[in-house]
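A structural walkthrough
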Amino acid sequence: GETCRFTLPRIGTPADGQPELEVVGVICWMREMPRGGPYRFATGIQLRFSDPEDRAGMQEYVAYVKKRYKL
């Protein structure tokens, strides 16, 4: 239930890309990963947006990442 602030990095160039984006999320669950793996914990986060414009900004950011990295 802890609230965290995340800063997503700038992607692309200033002319064609997405600027740095700050989002707020709430931790929903946390699990310890098996020993020997690259990560100790996996965490589920629910993002929170203060208004529809913030949500649209995150959707644009994700769409750009999917397009750029062909996901």
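Residues numbered from 1 in each chain as written. Predicted model: local features only at pLDDT ≥ 70, side-chain atom pairs only at ≥ 80, totals over all residues. Heavy atoms only, no water.

Thoughts on the packing of aromatic side chains
Tallied over the full model, the rule gives 0 aromatic pairs. Directly above the ring of Trp29 sits Arg31, whose terminal nitrogen or CZ lies 4.4 Å from the centroid. (Phe/Tyr/Trp six-rings, centres within 6.5 Å; stacked < 30°, edge-to-face > 60°. Lys NZ or Arg CZ within 6 Å of the ring centre and 35° of its normal.)

Observations regarding the nonpolar core
Grouped together as the largest cluster of nonpolar side chains are 8 residues: Leu8, Ile11, Leu21, Val23, Met58, Tyr61, Tyr64 and Val65. Tallying contributions element by element places helix α1 (residues 52-68) first for this core, with 4 residues. Filtering out sequence-adjacent residues up to four positions away, Leu8 remains in contact with Glu20, Leu21, Met58 and Tyr61. (Core = buried A, V, L, I, M, F, W, Y, C linked by side-chain atoms within 4.5 Å. Buried < 20%, exposed > 50% of the residue type's maximum accessible area, 1.4 Å probe, protein only. Helix = DSSP H or I, 4+ residues; strand = E, 2+ residues; numbered from the N terminus. Contact = heavy atoms within 4.5 Å.)

Focus: the side chain of Gln18
Position of Gln18 among the secondary structure elements: in strand β3 (residues 17-18). Here Gln18 falls in the buried class, since its relative accessible area comes to 15%.

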